[in-house]
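The chain contents come next:
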Amino acid sequence: MTTSMILHHYEASPYAEKIRLMFGHTNSSWASLTSPAWPPRPNVDPLSGGYRRIPIAQVGADIFCDSWLIAKEISAATDCKELDPASVEGDAKTLMDKAELEGFFSAITSVPPTKLLGTMLRNFGPIGAYRFVKDRSGILKGGTTKPETGDGAKAVMSEIFSTLDGMTANREWLSGDGPSIADLTVYHPIWLHLNCGGAFPKEAKNALAWFDRVAAIGEGDRKEIGQADAFAAARDNDPRPLPESMNIGDLELGATVRVAPQDYGVVPVTGSLAAATEERLILAREADDFGTVHVHFPRTGYAAGPA
């Protein structure tokens, strides 16, 4: 990438791991700013307007929410078409969609509670584990996601492993001759599952070899920065030029609107509607410390309405 992207993330985030692997695949240099695993996140909340989920990417005064949109940005910036979610077709897309829509929560809820608790204690300590559970217990409130639990979650993971093992019996990668967004998307809930105390099925030897290939991609050239660096990047740069806009219902450009995910973590971000295209919504937000920032959201899976 010609301009180093800042990734606001925490190490145990599976969606952040997916993005870190994109940097590795494209041999990109990027700036890492680690955030708390739960809100508030003072290093990024003033930039994003309090967007609930993570990771969040930043290039100067442009802020990108949702890993789908971050993937689009990395794909465009590196001319790496295989990282564009729209590039995946056929059985790879079917498995990618299942991993994205069902695998994330099933990766967690299919693990016995005692193992989950042990993982959280190791990662966050007793107080941190309490805060993590308290925060995540309300993340589905108001959203459309109804995750599987118990045997249902185990069935989801079993299907993902079985399908993946069959697909990788005669090919190294899910879509094409090298890694793609399909591989990284299917990888991240499995990575989460293993990190939460789950296990790889012993019979899924092809899938395990594939998993090791994805893990070997690495994370590119990573440089740690601090909050002041991210704020300075926003302050010292203007947002990039806006794309041509289209109408979205009764909302007009310049109107004060709220944008929020529809599936989970439905905390809205408020700003002025600066642009709307077929794939994204862009809000302009003003901050005393760094002026105007543009916050980008996908159109798919997000709702916009009057503030």
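An account of the accompanying structure is given in this report. In this text the structure is predicted, and so the values were computed from the model without any measurement. (Residues numbered from 1 in each chain as written. Predicted model: local features only at pLDDT ≥ 70, side-chain atom pairs only at ≥ 80, totals over all residues. Heavy atoms only, no water.)

1. Let's talk about the sheet that holds strand β8 (residues 280-287)
Line of reasoning, step 1. Taken in spatial order, the ten strands line up as β5-β2-β1-β3-β4-β9-β8-β7-β6-β10 in an open sheet, and their pairing is mixed. Here the strands that pair on one side only, and so sit at the sheet edges, are β5 (221-224) and β10 (302-306). Sheet twist, expressed as the mean angle between neighbouring strand axes with direction ignored, is 35°.
Line of reasoning, step 2. Both strand β2 (residues 29-34) and β5 contribute to a ladder of four bridges, which runs parallel. By the bridge assignment, S32 is partnered in β5 with E224. (Pairing = 2+ DSSP bridges. Helix = DSSP H or I, 4+ residues; strand = E, 2+ residues; numbered from the N terminus. Axes fitted to C-alpha atoms, helices over the stretch in contact; angles between N-to-C directions.)

2. Describing the packing of aromatic side chains
Line of reasoning, step 1. Overall, the coordinates contain 16 aromatic pairs when judged by the stated rule.
Line of reasoning, step 2. Between the aromatic rings of W38 and F124, the centroid separation amounts to 5.6 Å while the plane-to-plane angle is 75°, which identifies the pairing as edge-to-face. Pair noted here: W38 is in the loop between β2 and α2 (45-48) and F124 is in helix α5 (residues 113-136), with a separation of 86 residues, a long-range link.
Line of reasoning, step 3. Accessibility expressed as a relative area gives 23% for F124, which makes it partly exposed.
Line of reasoning, step 4. An angle of 65° between the planes, with centres 5.9 Å apart, marks the rings of Y51 and F297 as edge-to-face. One end of the pair, Y51, is in the loop between α2 and β3 (56-59); the other, F297, is in strand β9 (residues 291-298), with 246 residues separating them in the sequence.
Line of reasoning, step 5. Among the residues examined, Y51 registers a relative accessible area of 3% and is labelled buried.
Line of reasoning, step 6. Joined through ring pairs, the aromatic side chains of F161, Y187, F200, W210 and F211 make up one cluster.
Line of reasoning, step 7. Above the face of the Y264 ring, R53 is positioned so that its terminal group lies 4.3 Å from the ring centre.
Line of reasoning, step 8. Geometry around W173 places R213 over its ring, the cationic atom sitting 5.8 Å from the centre. (Phe/Tyr/Trp six-rings, centres within 6.5 Å; stacked < 30°, edge-to-face > 60°. Buried < 20%, exposed > 50% of the residue type's maximum accessible area, 1.4 Å probe, protein only. Lys NZ or Arg CZ within 6 Å of the ring centre and 35° of its normal.)

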